[in-house]
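Here are the chains, one letter per residue:
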Amino acid sequence: MNELRALTSVRGIAAWLVVFYHIRLAVDGLPAPALAFFAKGYLAVDFFFLLSGFVIWLSYADRIRDGGLAAIPEFLKRRIARIWPLHIFVLAGGVALALLLAATGREAAHFPFAELPLHVLLLQNWGLTDTLNWNDPAWSISCELGAYLVFPFVALAIDWRRVPTTMILAAIAALFVLLHMVFVAAGADTLGKFIPQLGLIRCILEFTAGTALCALWLRWREHWVEPALIATTLAAILFAGWLADALPETLAVPAAFAAALLALALSAGRRGNPLEAAPLHYLGEISYATYLGHYLLWFAFKLVFVSDAHAVGWPLVALYLALVLVTSIALYHGVERPAQRWINTIKLPRPFGTKASTAH
């Protein structure tokens, strides 16, 4: 299956929204509308979860169904190869930073060594901690690991290809209603609250909805114009309702992102699509490095360059953003991709009783 380049590009845009979300309060003179816009940057993670479910279903659902339980170890190996090496590399940088702070007598409360094993194993956001620590954005990667563990059983239990369209739409709606009810029960009126407690269920439900969205795309991609228009309209209505405070964020935003994702996927590959441009696509390719690397870089950057963490001038902001871009490129080409390729070459032992595959 060919890559949907537009979706890769949007992933890059979403990663940069998270970057601006984390630095917004420190930027000196940031206009109020921009501040309000970037304050919602945490919602980009919800788009990531939906997109992850979409892409994983597209890439692996048939392989899991064809291989059965015997295909699960290879799937998990490839997903761990995708997320874990760069996470460990960046986390090691956090450990070095924490040791430096301790050695110089400065406070390092954000780096509790007692929790470090959970972060190494990507278990830190499975309800085992109360706060975000170490490399904060990695909470979502911890949740993604949980979704990867669930996915093979979803793929084996549900073949969306055999489910009527109305039932798929109903299932997606039910997942979003369930997500909303979970947040309401917890007393959370935004998706950014109680991340250590609710992040995992938030990820799994949105990831699962993403798998169903992929099934709709596969069903409609040849006759895409009308579904894309309907999805775009629905996304606009939901976003407008949320912005007008007529619809709650915990219900409207995931549903709006789902409609937008479907519209983007249906329009991907069409002539004249600006999201197909090479620079945007490259930002998407390095987006995981951007997402994982920017937070601790900002922490270190402030220690070196910033005396007032609430009034960072535009020249320093520009320098930091340039460093994010450069380090993203370096991490992608120097760590992420080589480690992924190396782990993917490792041959796993075949489960007992299975025959070697003759497929290439």
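Here, every reference points to the structure presented above.
Note that this is a predicted model, so its numbers are computed, not measured. (Residues numbered from 1 in each chain as written. Predicted model: local features only at pLDDT ≥ 70, side-chain atom pairs only at ≥ 80, totals over all residues. Heavy atoms only, no water.)

**Student:** What is the right way to look at the overall build of the chain in this model?
**Tutor:** When helices and strands are counted, the chain shows 13 helices and zero strands. Sequence-ordered secondary structure for the chain, helices as α and strands as β, is α-α-α-α-α-α-α-α-α-α-α-α-α. A globule of 360 residues ought to have a C-alpha radius of gyration of about 21 Å, and the chain, at 21 Å, matches this closely. Over its C-alpha atoms, taken along the principal directions, the chain stretches across nearly 60 × 55 × 45 Å. For the chain, the residues scored as buried account for 49% of the 360 residues in total. Excluding contacts between residues fewer than 6 apart, the proportion of contacts in the chain whose partners are at least 24 apart in sequence is 77%. Across the chain, 25 positive and 22 negative side-chain charges occur, with their mean positions spaced 11 Å apart. (Helix = DSSP H or I, 4+ residues; strand = E, 2+ residues; numbered from the N terminus. Rg over C-alpha atoms; globule rule 2.2 N^0.38 Å. Buried < 20%, exposed > 50% of the residue type's maximum accessible area, 1.4 Å probe, protein only. Contact = heavy atoms within 4.5 Å. Lys, Arg positive; Asp, Glu negative; His and termini not counted. Charge placed at Lys NZ, Arg CZ, Asp CG, Glu CD.)

**Student:** Could you clarify how one ought to interpret empty space enclosed by the protein in this entry?
**Tutor:** Using a probe with the size of a water molecule, rolled over the atoms, empty space left in the structure can be pinpointed. Counted under the stated rule, the structure contains one cavity of 30 Å³ or more. In this structure, the largest cavity is lined by His119, Gln124, Asn125, Thr129, Thr131, Leu132, Asn133, Asn135, Asp136, Ala138 and Trp139. Among the residues forming the lining of the largest cavity, the class breakdown is three nonpolar, seven polar and one charged. (1 Å grid on protein atoms, 1.4 Å probe; cavity = no way out; pocket = protein on both sides within 12 Å on 5 of 7 lines; lining within 4 Å. Points joined across faces, edges and corners; volume = space filled by probe spheres on them. Nonpolar A, V, L, I, M, F, W, Y, C, P; charged D, E, K, R; others polar.)

**Student:** I tried to follow the nonpolar core on my own but got confused; where do I start?
**Tutor:** Soluble, globular proteins show a tendency: their nonpolar side chains are buried together. Formed by 97 residues in total, the largest nonpolar core has its most connected members in Phe54 and Phe151. The leading source of residues in this core is helix α3 (residues 44–67), at 14 residues. Leave out the neighbours within four places in its chain, and Phe151 touches Ile56, Trp57, Tyr60, Ala61, Ile64, Phe75, Phe207 and Thr211. Among the nonpolar cores identified, the runner-up in size contains 15 residues, and Leu30, Val306, Val312 and Leu321 belong to it. (Core = buried A, V, L, I, M, F, W, Y, C linked by side-chain atoms within 4.5 Å.)

**Student:** Can you walk me through a nonpolar patch on the surface in this structure?
**Tutor:** A surface patch of nonpolar side chains, about 360 Å² in accessible area, is lined by Leu303, Val304, Phe305 and Leu319. Considering each element in turn, the nonpolar patch owes the most residues, three residues, to helix α12 (residues 287–305). What makes Leu303 partly exposed here is its relative accessible area of 39%. (Patch = residues over 30% accessible without salt bridge, like charges linked within 9 Å, V, L, I, M, F, W, Y side chains within 5 Å. Areas by Shrake-Rupley, 256 points an atom, 1.4 Å probe, with all protein chains shown as cover. Salt bridge = Lys/Arg side-chain N within 4 Å of Asp/Glu carboxyl O.)

**Student:** Before we go on, may I ask you to explain the side chain of Thr211 in this structure?
**Tutor:** Inspection of the secondary structure assignment puts Thr211 in helix α8 (residues 195–220). Overall, the relative accessible area of 1% leaves Thr211 in the buried class. A polar atom in the side chain of Thr211 sits 2.5 Å from the backbone oxygen of Thr208. Those residues in contact with Thr211 that lie beyond four places of it in its chain are Gly53, Phe54, Trp57, Phe151 and Trp160. (Polar contact = N/O pair within 3.5 Å; in protein donor to acceptor, adjacent residues only side chain to side chain.)

**Student:** Mind showing me how you'd approach helix α7 (residues 165–186) here?
**Tutor:** Helical periodicity: at 3.6 residues per turn, an α-helix aligns residues three or four positions apart in one direction. The first and last C-alpha atoms of α7 sit 32 Å apart over 22 residues, in line with the 32 Å expected at 1.5 Å per residue. Among all positions in α7, only Ile168, Ile172, Leu175, Phe176, Leu179, His180 and Phe183 are buried. Across the axial projection of α7, the buried residues extend over an arc of 130°, all falling on one side. Summarising the geometry of α7, the exposed residues directed more than 90 degrees from the buried face are Thr166, Met181 and Ala185. Those residues of α7 hidden inside the fold are in contact with α3, α8 and α10 (249–267). (Expected span 1.5 Å × (residues − 1). Arc of directions from axis to C-beta.)

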